[in-house]
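So you can see what is in the structure, the chains are spelled out below.
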Amino acid sequence: MDQAQFSRARAALGKTQARMAELLQTSLKAVQSYEQGWRTIPAHAEKQVLFLLALKAGNTRGKECWTVLRCPPERRRRCPAWELKAGRFCWFVNGTLCGGKAQASWREKMKICGSCRVMESLAKFR
Ligand code: SF4
């Protein structure tokens, strides 16, 4: 997520910078720095922003990942998204097996999830 995407996300959430700082449990200065491009948006902040956007967008409805992606049963059974019934928020769950194995980091995971149909509604913020 870059500074423009962060600003777009904040606008989509209808939050002031101060309120966004509270939602991200960070400082107003940090939020201002993200939007000025003075600081890279850390993975935990990006993840929280996408989660808030997904909730606001009502992503609690719609098909689960294993249906959308026709996930093979033997992979599905080993995947935390299936185990935790988090098929609409699989991109938020670490350790999912979409790429055949768990990704080592949020950035690695977003290389897969970022272009996935499950995360389509959030694409413009990524
Ligand atoms: S997140 Fe897990 S259950 Fe969902 S499609 Fe990927 S591997 Fe299958």
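Residues numbered from 1 in each chain as written. Predicted model: local features only at pLDDT ≥ 70, side-chain atom pairs only at ≥ 80, totals over all residues. Heavy atoms only, no water.

(A) Layout of the environment of Gly99. You can see Gly99 is positioned in the loop between α7 (80-83) and α8 (106-113). With 14 residues separating them in the primary sequence, Gly99 and Cys113 have C-alpha atoms 9.3 Å apart. (Helix = DSSP H or I, 4+ residues; strand = E, 2+ residues; numbered from the N terminus.)

(B) Broad picture of the packing of aromatic side chains. Following the criterion strictly, the structure yields six aromatic pairs and no others. With 4.8 Å between their ring centres and 80° between their planes, Trp66 and Trp82 make a pair best called edge-to-face. With Trp66 in helix α5 (residues 65-68) and Trp82 in helix α7, the pair connects residues that are 16 residues apart, well separated along the chain. Taking the centre distance of 5.9 Å and the plane angle of 90° together, the rings of Trp91 and Phe92 count as edge-to-face. (Phe/Tyr/Trp six-rings, centres within 6.5 Å; stacked < 30°, edge-to-face > 60°.)

(C) Layout of the domain arrangement of the protein. Under the domain assignment used here, the protein contains domain 1 (3-57) and domain 2 (65-125). Here domain 1 and domain 2 have C-alpha centroids that lie 23 Å from each other. Each partner contributes residues to the interface: domain 1 has 14 residues there, and domain 2 has 11 residues. Roughly 1,200 Å² is buried in total at the junction of domain 1 and domain 2, and carbon and sulfur atoms are behind 71% of that figure. Ranking the residues of domain 1 by area buried against domain 2 places Lys47, Leu50 and Phe51 at the top, with a combined share of 45%. The tally of links between domain 1 and domain 2 comes to one salt bridge. (Domains from an automatic or database assignment. Contact = heavy atoms within 4.5 Å. Buried area = accessible area lost by both parts, 1.4 Å probe. Salt bridge = Lys/Arg side-chain N within 4 Å of Asp/Glu carboxyl O.)

(D) Expanded view of the site of the ligand. Around the ligand lies a shell formed by Cys65, Trp66, Leu69, Cys71, Arg75, Cys79, Ala81, Cys90, Thr96, Leu97 and Cys98. The site holding the ligand turns out to be the largest cavity. For the shell around the ligand, the class distribution of residues is nine nonpolar, one polar and one charged. (Near = heavy atom within 4 Å. 1 Å grid on protein atoms, 1.4 Å probe; cavity = no way out; pocket = protein on both sides within 12 Å on 5 of 7 lines; lining within 4 Å. Sits in = over half its atoms within 2 Å of the grid points. Nonpolar A, V, L, I, M, F, W, Y, C, P; charged D, E, K, R; others polar.)

(E) The arrangement of the environment of Val68 in detail. As for its placement among the helices and strands, Val68 is situated in helix α5. In sequence terms Val68 and Val118 are 50 residues apart; their C-alpha atoms lie 7.1 Å from each other. In this structure, Val68 is in contact with Lys63, Arg117 and Val118, ignoring residues within four places of it in sequence.

(F) Empty space enclosed by the protein, seen in detail. Counting across every chain of the model gives one cavity of 30 Å³ or more. Within this model, the largest cavity holds a volume of roughly 70 Å³. Lining the largest cavity, in full, are Cys65, Trp66, Cys71, Arg75, Arg76, Cys79, Ala81, Trp82, Cys90, Thr96, Leu97 and Cys98. Residue assignment for the lining of the largest cavity shows that the elements contributing at least two residues are α5, α6 (73-76) and α7. Split by residue class, the lining of the largest cavity holds nine nonpolar, one polar and two charged. (Points joined across faces, edges and corners; volume = space filled by probe spheres on them.)

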